[in-house]
Amino acid sequence: MSRKVNHIGQLVLRLGALCALLLLVGPGNTFAAEAKAQLSPQERLRLGERMYREGLLPSGEPMEAFVSGDVPVDGTAFTCVSCHLISGLGSIEGEVVTPPTNGRLLYQARDSYIKGSEFVPYISNYAKYLPVRPAYTDASLARLIQAGVDPTERSVLHVMPRYEVGDEDMVLLLEYLKALSAEHSPGVTPEEIKFATVIVEGTDPVKVESMLAPLQFSIDRKNSLAQASKRNDRVARMGYNMLGDLSMMSFSLQHWILKGPPETWRAQLDAYYRKQPVFALLGGISEGEWEPVHRFCEEMKLPNLFPVVDHPVLSDTDWYTQYFSRGIRQEGEAVARYLQGMSELFNGRDVVQVVRQSRKGDALASGFRQQWQVAGLPAAKEVVLAPGEALTPQRLEEIVAREKPAALIVWDDAGSLPALSALVGKDGAPGIVITSGTWLGEALWTLPEPLRANLYLTWPYRLPQEDRRYDFAVNRMLIGKKLADYDRVILRQSFIAQEMLGKALMDMRLEFYRDFLYDTLGMMGDMYLPLYERLSFGPGQRYASKGCFIVQLTKGENPTLERRSEWVGH
Amino acid sequence: MTSKLLLLVLAGLLTLPLAAAAEETGQKVYLVKDYRYEPGGSTGDPEVGQSLCGTRCNALSSDYLNFIEPGGWRMVKVASDSEVVLDLGNPFMQGECVCLADEYLVKLVEYNRPKEVKP
């Protein structure tokens, strides 16, 4: 009996749910006005955000858009965010300047200058690109969106679509625009911008110091300008011309030290943030886990610029952490791309990956496997070495004799070198042998001579002999200390972090919104900085270096790396 | 007398470019513009060879935008359309790559170079 009642109850519930769904998505009924009025403020903002970012009406239908006046296009392909960006503060692409669309600026009249920054060249030059107009009202803004006519009666249809948005939906969109980039992000006051860096306890102190030194130098240099500007009018004028009000602001860098197991980090991060909110995290370092910090940044909408980590979190949609690259995995991907170009020559012989079971080994092998599969090539054979299991010459010879591979990839540390050396000149040796140059560490530079001509290496950085020209710029930050006392790679990575932050803050026109920090980075072209052959930024791109060289070590006592491939990128 | 003096000046002027060339000791870089595969005796697929030569020749090319020096630098073109011949360097296929490249010398500007980095 009770089972029957339950059954009827479930049926009634399902019918009710169906009716509610039909009411919401019924034909011709976009979204009942009464229902919208009852929405919570958060839900209203969410729906407005969806219109702005995804081009979807509250009903879930795509916004109808028209370009050139009457050519219909899908509103989800011509979203507001694609030009006005996540922060709504507009974009600059070459000569095309898209004005801000956040309520705070829309509902102010626009002059040919920005009040308060009339004499700051980089800000006033920006203002000159944009047409003068009176302040928008709700009605004139709705007219702009629906008809493409601005308050000066000028048509904008040559650069912007017009959208079919009903009055009820328009109210939601305007509410969202009014909330967009309305108040400066936490961690910013008129006098100061607060930053923090996350350090995982137990990280090698030399590495930590190498990460901190450039950041602290940069912060100190900025603060001395602020101090000097307060004491000396000439310095103040010079600083103001360069940076506007940013010249008088000081920066601070807190150290957020994470202790104990990663499961406890979230609570520690919350406590640090509660105690002192910051505008962004700079750098940061961990030799192992980083995901809890990544997740914290996503949830708090807190930017983290260039943490020094081996295993970044890989995501196509996450927004708030900017990594240098996809980590060591990128080397595995590069090997797959390099070998796929010559795979036709393998005559049906296999590719074999010998993988040390470890986080590094797994990442390298997985990068190779995935890219090899994308290329449509038959899966490579894999031999896994357990932690602590030695790769002896006999073991490697057995693997080669059994599999007869055309290409042998060994993902292991320098302990594998004797086995690789023993393969040289042996009958039936693979045509090509590749390993990770970075995993070999310093042993890379002392490879036995006979091995050098036979071993190919991945190298995800610019060749050291070509990167020396950046030594002066990096060395300047050490204020008399020796370059040799630091980790060369991390020092350069941290140099990049502070350079990019400096460039981005200058380009932000004193609009200190976290999303605008990333919007600004996304507008930067390819950068030529130390360490990486090229760093690319673009809207939503979160892995700046996309390439890797395949190299060989030259003969002699002072060998160099020689490129065997171009910058193999994804 | 005057004509002898003129001859002397002329001879001096003619030797100037040689002297200047001898001083051109900057780093040599290549900007590769084209490449082709020369199979020689190899019987491999020439198209694969051509593709592999792309990788080989492009690896020779230097990205001049990487040059950053305190004090500045300039690139002096010393040869156009040089044919740089490289072994294909592939264990599965023989042949050579002919890389068509412009050769440049990177000359550092010493006048503005900060004292601490002057050799």
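Along each chain, numbering runs from 1 in the same order as the chain's sequence is written. Chain labels run from A onward and ligand labels from 1 onward, assigned in the order the entries are written. Whole-chain, interface and lining totals are the exception, using all residues; otherwise, since this is a predicted model, local features are given only for residues with pLDDT of at least 70 and side-chain atom pairs are given and counted only at 80 or more.

Chemist: Please clarify how the overall build of chain A should be interpreted in this entry.
Modeler: Secondary structure assignment for chain A yields 22 helices and 20 strands. Summarising its shape, the C-alpha atoms of chain A cover approximately 85 × 80 × 50 Å along the three principal directions. Counting other C-beta atoms within 10 Å of each residue's C-beta, where C-beta atoms are placed from the backbone, gives the exposure class: buried for 20 or more, exposed for 12 or fewer, partly exposed between. By the burial criterion, 40% of the 570 residues in chain A qualify as buried. The long-range share in chain A, meaning contacts at least 24 apart out of those at least 6 apart in sequence, stands at 65%. Strands here mean DSSP runs of E at least two residues long; helices mean DSSP runs of H or I at least four residues long; both are numbered from the N terminus. Note that contacts rest on C-beta atoms placed from the backbone: two residues are in contact if these are within 7 Å.

Chemist: Could you clarify how one ought to interpret the overall build of chain B in this entry?
Modeler: Along chain B, the regular secondary structure elements total two helices and three strands. Relative to its 119 residues, chain B shows a buried fraction of 17%. Within chain B, contacts between residues at least 6 apart in sequence are counted, and of these 76% link residues at least 24 apart.

Chemist: Just to check I follow, could you spell out the interface of chain A and chain B for this structure?
Modeler: By a widely used convention, the size of an interface equals the accessible area lost when the partners come together. Contact residues are listed per partner, giving 17 residues for chain A and 21 residues for chain B. The nonpolar class holds Ala, Val, Leu, Ile, Met, Phe, Trp, Tyr, Cys and Pro. Asp, Glu, Lys and Arg form the charged class, and all remaining residues, Gly among them, are polar. Tallied by class, the residues present in the side of chain A that touches chain B amount to six nonpolar, three polar and eight charged.

Chemist: Help me understand unusual backbone geometry in this model?
Modeler: Most peptide bonds adopt trans geometry, and most residues besides glycine take a negative phi value. One non-glycine residue, A:I479, adopts positive backbone phi at about 45°. With respect to the helices and strands, A:I479 occurs in the loop between α20 (471-475) and α21 (488-507). With a phi close to 50°, B:D81 is a non-glycine residue in the positive phi region. For B:D81, the position within the fold is in strand β2 (residues 73-87).

Chemist: How should the packing of α21(A) against helix α22 (residues 514-522) of chain A be read in this particular structure?
Modeler: The relative placement of two packed helices is expressed as an angle between their axes plus a distance between the axes. All names here are of chain A. Contact pair α21 / α22: the axes reach a minimum separation of 9 Å and the direction vectors enclose 105°. It follows from the interaxial angle that α21 and α22 lie roughly perpendicular. Between α21 and α22, the contacting residues are M500, A504 and D507 on the first element and L517, T520 and L521 on the second. Among the residues forming the contact of α21 with α22, the class breakdown is four nonpolar, one polar and one charged. Inter-axis angles, ranging from 0 to 180 degrees, are taken between N-to-C directions of lines fitted to C-alpha atoms, where helices are fitted over the stretch in contact. Each angle receives one of four descriptions, namely roughly parallel if under 35 degrees, roughly antiparallel if over 145, roughly perpendicular if within 65 to 115, and oblique otherwise.

Chemist: Would you explain the nonpolar core in this entry?
Modeler: Note on soluble globular proteins: their nonpolar side chains tend to be buried together. Residue and element names in this part refer to chain A. Throughout this description, the term nonpolar core refers to a group of buried Ala, Val, Leu, Ile, Met, Phe, Trp, Tyr and Cys residues whose C-beta atoms join them within 7 Å. By size, the foremost hydrophobic cluster in this structure holds 127 residues, and its most contacted members are A280, V354, I409 and V433. Element by element, the count of residues in this core is highest for α21, at nine residues. If sequence neighbours within four positions are ignored, I409 has contacts with V335, V351, V352, Q353, V354, F368 and I434. If you look at the next biggest cluster of nonpolar residues, it comprises 21 residues, including Y52, M63, C80 and V165.

Chemist: Sorry if this is basic, but what is going on with the domain arrangement of chain A here?
Modeler: All names here are of chain A. Residue ranges assigned to each domain were obtained from an automatic or database domain assignment. Domain assignment breaks chain A into domain 1 (1-30), domain 2 (33-179), domain 3 (192-327 + 484-512) and domain 4 (329-459 + 551-569). Of note, the centres of domain 3 and domain 4, computed from C-alpha atoms alone, are 36 Å apart. Listed by partner, the interface residues are five residues for domain 3 and five residues for domain 4. Considered class by class, the residues forming the side of domain 3 that touches domain 4 number no nonpolar, three polar and two charged.

Chemist: Please clarify how the sheet that holds strand β2 (residues 71-74) of chain A should be interpreted in this entry.
Modeler: Paired through their backbone hydrogen bonds, the strands of a sheet run either parallel or antiparallel. All names here are of chain A. Strand pairing requires that DSSP identify at least two bridges connecting the strands. An order of β2-β1-β5 is seen for the three strands of this open sheet, with the pairing classed as antiparallel. With partners counted over all chains shown, the strands left at the sheet margins are β2 and β5 (162-164), one partner each. Averaged over neighbouring strand pairs, the angle between their axes works out to 35° when direction is ignored.

Chemist: Just checking my understanding: could you explain the sheet that holds strand β1 (residues 27-38) of chain B for this structure?
Modeler: All names here are of chain B. Taken in spatial order, the three strands of this open sheet run β1-β3-β2, and their pairing is antiparallel. Each of the sheet's edge strands pairs with one partner strand only, and the pair in question is β1 and β2. Pairs of neighbouring strands in the sheet enclose a mean axial angle of 15°, with direction left out of account. Pairing of β1 with strand β3 (residues 96-108), which is carried by 11 bridges, proceeds in the antiparallel orientation.

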